[in-house]
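Observations on chain architecture
Chain residues, written in single-letter form:
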Amino acid sequence: MYGRDRWCWGDEYSRSTGSHSVHDALTTFEETKPLLHGERVAYGNLVQLSLEKHFEEIQVLLKLYGTLKLPRSLKELGFKAPSEKLVHQIAAETVTPEKAIHLLPFKVTEPAVAEAISRLEEITDKYKTSVTINN
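Not measured: the values here are computed from a predicted model.

1. Focus: unusual backbone geometry
Phi at Lys53 is positive, roughly 65°, even though this residue is not glycine. For Lys53, the position within the fold is in the loop between α2 (37–51) and α3 (55–68). When its relative accessible area of 53% is taken as the criterion, Lys53 is described as exposed. Even without being a glycine, Lys69 presents a positive backbone phi close to 60°. Inspection of the secondary structure assignment puts Lys69 in the loop between α3 and α4 (74–77).

Dropping the structure here:
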């Protein structure tokens, strides 16, 4: 997304591997069937950034996604009552052995992805609250 002087979502082999692995995991849930490929990948971008701890970049995308009406949270993906169990189900499906997320330049585990999703949900909730208060 940015040049080499900033961050690049891993290296040339892993810029969006996490994003597409999250996409693939989300397709296994009925709630996300109505969504377009790009909408699921968009959420995957946020999860990958959370996994990589690029929190400033998440803030930039949250604003952009709000403008473009792209999903920023599990609720916006169509899950009525997201739970810890759901987060772990998504994370487990995201890290199955054949998923490209394993091309990232660090070891990716189900607990790490679950933590990244949970952290993203917290960041998104805080962002939405701040936008609502400031408007």
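2. Some details on the pattern of salt bridges
Taken as a whole and judged by the stated rule, the model has five salt bridges. Here Lys99 ties to Glu93 by a salt bridge, and the two come within 3.3 Å at their closest N and O atoms. Accessibility expressed as a relative area gives 9% for Lys99, which makes it buried. Under the relative-accessibility criterion, Glu93 is labelled partly exposed at 27%. Through salt bridges with shared partners, a single ionic network connects Arg72, Glu76 and Lys128.

3. Concerning helix α5 (residues 84–94)
Every buried residue belonging to α5 is among Leu86, Val87, Ile90, Ala91 and Thr94, and all of these are buried. Each buried residue of α5 lies within a common arc of 135° when the element is viewed along its axis, so the set occupies one face. Facing away from the buried side of α5, by more than 90 degrees, are the exposed residues Glu84 and Lys85. Looking at the buried residues of α5, the elements they touch are α1 (17–26), α4 and α6 (110–134).

4. Describing the nonpolar core
As a rule of thumb, nonpolar side chains are buried together in soluble globular proteins. Ranked by internal contacts, the top residues of the largest apolar core, which has 34 residues, are Tyr43, Val47, Leu74, Phe79, Ile90, Val113 and Ile117. Mapped by element, the contributors of at least two residues to this core are α1, α2, α3, α4, α5 and α6. Among the elements that make up this core, the one with the highest residue count is α6 (seven residues). Among residues more than four places away in sequence, those in contact with Phe79 are Leu26, Phe29, Glu31, Thr32, Leu74, Leu86 and Ile90.

The rules we used
- Residues numbered from 1 in each chain as written.
- Predicted model: local features only at pLDDT ≥ 70, side-chain atom pairs only at ≥ 80, totals over all residues.
- Heavy atoms only, no water.
- Helix = DSSP H or I, 4+ residues; strand = E, 2+ residues; numbered from the N terminus.
- Buried < 20%, exposed > 50% of the residue type's maximum accessible area, 1.4 Å probe, protein only.
- Salt bridge = Lys/Arg side-chain N within 4 Å of Asp/Glu carboxyl O.
- Arc of directions from axis to C-beta.
- Contact = heavy atoms within 4.5 Å.
- Core = buried A, V, L, I, M, F, W, Y, C linked by side-chain atoms within 4.5 Å.

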